[in-house]
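# What the coordinates show
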Amino acid sequence: MISNLWAWLTSAENWAGSDGIAARLVEHLWISGLVVLIAAAIAIPLGLWVGHTGRGRWLVSATNAARAVPTLGLLFALALWVGPIIPGRAAFVIPSIIALVLLAIPPIVAGTYAGVEAVDPAARDAAAGVGMRPSQVLWQVEVPCALPLIWSGIRSAVLQVIATATIAAYIGLGGLGRFLIDGLAAGDYPQTAGGALLVSVLALVADGVFATMQRVIVSPGISGRSTRRREIVLAPGKPDASDGVGPVRTMSA
Amino acid sequence: MTWLADHWGDVWSLLLQHVWLSALPLLIGLVIALPLGWAARRWRTAYPILVTTSGLLYTIPSLALFILMPLVLGTKILDPMNVVAAMTVYTVALLVRSVADGLGSVPDHVTAAATAMGYRGGRRFVAVDLPLAIPVLTAGLRVAAVSNVSIVSVASLIGVPQLGNLLTDGYNRAINGELITGIVACLVLALAFDAVIHGVGRVLTPWTRVAGAVAAAGGGRA
């Protein structure tokens, strides 16, 4: 079984062409990228607004509760009810994109909200005290402090989207999921398992890339990369340098 | 509603399938995660290794994991054990962290007091540390249970019957009633699991309901 799988993965013929592995991989990447961008454009402002103003907390609870909706059911419902009103080939793509965006929003909202909520009130007061306007407090203090949690929200959204885009091949979406769904339908286990392996590797690599990016974009003063210098200054009363961005449980939000 | 009334028997048997496919991995996963979480707490170097490994396992998409299970286990693709094993992997991945963090939430002075009273090693773990970790542990279990119910439905794509069959069949034959029944049944089941775990957690931790007791113990995290 493993040798068949290996043969499928290494055959040059399977990699080339518009329905080859390379093309499907690119397709999977750009669908996931597009979906996460749309979801972030909706979810980050929403999370910032709830976290900054403290209003509309029910929105966060509602998005959390929405996670109990079975992803498969959401995909099928949108394909069945939204698909027919869209003309042409887009009828297969648009419902999938909508479903994926809907699934990517909750983790980003939860992360953004939890990040802003967890900002040390002293930092917020100090910012207001030195004369920052509310918008400056938000963009220059709250967002940089909340960035680690915002980013981890985006990271889980990315994984969710890569995984669900695979399943969306069942309702006609392209991407690597095609190998799994078409392979299952044809009883072609090497192709199915080959696709499964590729999607798993893609998810692992994407997660690794986002973890590395997190180190780069988060301010050194927050991620603790510059604590060596600060430790000397702050040593006496320093119970926990990362207090403001500590292990906040998004699930309790 | 008429669809549900006509197919009540089928829905019920699929529901029972769904219950054991999501509940059994939850129990096995908890049994495996307890010693792993304890080890992650016990040895400083074990924590990052265990948490990173479980994070990586959780990264693998569900459909891919179901499909790859036969390669690991040597089972047939239609064997429900593939689903049980894959769900157990996810559950362990989620719970190792909950167990470790839950044990970490036990205040040092409580541990010290227990040691002073003669509790040692395994006995202290069972009688003191584990009960105090229950609030954090049940929070993790609730997340795992709700996501298990959703992920199990994906198994209908590899031909393992459970509530997901209503979704797949409802879509394939464009029967709205069947699709809606499937979605609602999954939601109800997820909420039921959530409520049961929440309830059991409360019953097991009577001290959290005494006003001020949590604050006094210093363990007000969950």
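The model shown is predicted, which means the values in this text are computed figures rather than measured ones. (Residues numbered from 1 in each chain as written. Chains lettered and ligands numbered in written order. Predicted model: local features only at pLDDT ≥ 70, side-chain atom pairs only at ≥ 80, totals over all residues.)

### Examining the overall build of chain A
In terms of helices and strands, chain A carries 12 helices and zero strands. Listed N to C, the secondary structure of chain A is α-α-α-α-α-α-α-α-α-α-α-α in terms of helices and strands. Going through the 253 residues of chain A one by one, you find that 41% of them count as buried. Put simply, 73% of the contacts in chain A that link residues at least 6 apart link residues at least 24 apart. (Helix = DSSP H or I, 4+ residues; strand = E, 2+ residues; numbered from the N terminus. Buried ≥ 20, exposed ≤ 12 C-beta atoms within 10 Å, placed from the backbone. Contact = placed C-beta atoms within 7 Å.)

### Quick notes on the overall build of chain B
When you go through chain B residue by residue, the secondary structure sums to 10 helices and zero strands. For chain B, the N- to C-terminal ordering of α and β elements is α-α-α-α-α-α-α-α-α-α. For chain B, buried positions account for 45% of its 222 residues. Nonlocal contacts in chain B, meaning residues at least 24 apart in sequence, comprise 72% of its contacts between residues at least 6 apart.

### Section: helix H9 (residues 176–204) of chain B
Taking 1.5 Å of rise per residue, 29 residues should cover 42 Å, and H9(B) covers 42 Å from first to last C-alpha, within 8% of that figure. Turning to H9(B), its buried residues are B:Glu178, B:Leu179, B:Thr181, B:Gly182, B:Ile183, B:Ala185, B:Cys186, B:Leu189, B:Ala190, B:Phe193 and B:Ile197. Residues of H9(B) that are buried in the fold lie against helix H5 (71–81) of chain A together with helix H1 (2–6), helix H2 (8–42), helix H7 (121–152) and helix H8 (164–172) of chain B. (Expected span 1.5 Å × (residues − 1).)

### Thoughts on the confidence of the model for chain B
Reading predicted coordinates in detail is not appropriate for stretches of low pLDDT. Across chain B, pLDDT averages 89, with 94% of residues at or above 70. Element-level mean pLDDT values for chain B span from 52 in helix H10 (residues 213–217) of chain B up to 95 in H8(B). (pLDDT = per-residue confidence, 0-100.)

### Observations concerning the confidence of the model for chain A
On average, residues of chain A score 85 in pLDDT, and 89% of them are at 70 or above. pLDDT under 50 marks residues 230–253 of chain A. Its contacts with residues more than four places away, or in other chains, come to 31 contacts.

### Topic: the environment of B:Ile77
Note that B:Ile77 resides in the loop between helix H4 (62–73) and helix H5 (80–104). Given 17 C-beta atoms within a 10 Å radius, B:Ile77 is considered partly exposed. Contact partners of B:Ile77, with chain neighbours within four places excluded, come to A:Tyr189, B:Pro70 and B:Ile158.

### As for the environment of A:Leu103
All names here are of chain A. Along the chain, Leu103 turns up in helix H6 (residues 90–117). A residue is classified by how many C-beta atoms lie within 10 Å of it, and Leu103, with 23 of them, is buried. Linking Leu103 and Ala157, residues 54 residues apart in sequence, is a C-alpha distance of 7.6 Å. Not counting chain neighbours up to four residues away, the residues in contact with Leu103 comprise Thr71, Gln160, Val161 and Thr164.

### Observations regarding H5(B)
All names here are of chain B. Taking 1.5 Å of rise per residue, 25 residues should cover 36 Å, and H5 covers 36 Å from first to last C-alpha, within 8% of that figure. The largest bend along H5 measures about 25° and falls at Leu95. Burial analysis of H5 places 21 of its 25 residues in the buried class, the great majority of the element. (Bend = angle between axes of the 7 residues up to and from the residue.)

### Digging into the interface of chain B and chain A
Contacts between the two partners involve 31 residues from chain B and, on the opposite side, 33 residues from chain A. Contributions of two or more residues to the side of chain B that touches chain A are made by helix H3 (46–59), H4, H7, H8 and H9 of chain B. Here the side of chain B that touches chain A takes seven residues from H9(B), the largest share from any one element.

### Focus: unusual backbone geometry
Positive phi, normally seen in glycine, also occurs at B:Ala174, with a value near 50°. As for its placement among the helices and strands, B:Ala174 is situated in the loop between H8 and H9.

### Quick word on the nonpolar core
Residue and element names in this part refer to chain A. Ala39, Leu75, Ala104, Ile108, Val161 and Ala168 are the most contacted members of the largest nonpolar core, which has 126 residues in total. With 17 residues, the top contributor of residues to this core is helix H8 (residues 134–167). Once residues lying within four places of it in the same chain are set aside, the contact partners of Ala168 are Leu75, Ser96, Ala99, Leu100, Leu173 and Gly177. (Core = buried A, V, L, I, M, F, W, Y, C linked by C-beta atoms within 7 Å.)

### Re the packing of helix H1 (residues 2–10) of chain A against helix H10 (residues 189–217) of chain A
Residues and elements named next belong to chain A. Where H1 meets H10, the closest approach of the two axes is 8 Å, and the angle between their N-to-C directions is 70°. Between H1 and H10, the angle is such that the two are roughly perpendicular. Regarding H1 and H10, the two cross each other, and that crossing is right-handed. Residues Asn4, Leu5, Ala7, Trp8 and Leu9 of H1 lie in contact with H10, whose contacting residues are Pro190, Gln191, Ala193 and Gly194. Counted by class, the contact of H1 with H10 contains six nonpolar, three polar and no charged residues. (Axes fitted to C-alpha atoms, helices over the stretch in contact; angles between N-to-C directions. Parallel < 35°, antiparallel > 145°, perpendicular 65-115°, else oblique. Left-handed = near helix turned anticlockwise from the far one by under 90°. Nonpolar A, V, L, I, M, F, W, Y, C, P; charged D, E, K, R; others polar.)

### Some words on the packing of helix H3 (residues 21–53) of chain A against H8(A)
Residues and elements named next belong to chain A. Contact pair H3 / H8: the axes reach a minimum separation of 9 Å and the direction vectors enclose 140°. With respect to the hand of their crossing, H3 and H8 are arranged in right-handed fashion. Side by side, H3 and H8 meet where His28, Ile31, Ser32, Val35, Val36, Ala39, Ala40, Ile44, Leu48 and His52 of the first sit next to Leu138, Glu142, Ile150, Ile154, Ala157, Val158, Val161, Ile162 and Ala165 of the second. Across the contact of H3 with H8, the residue classes break down as 15 nonpolar, three polar and one charged.

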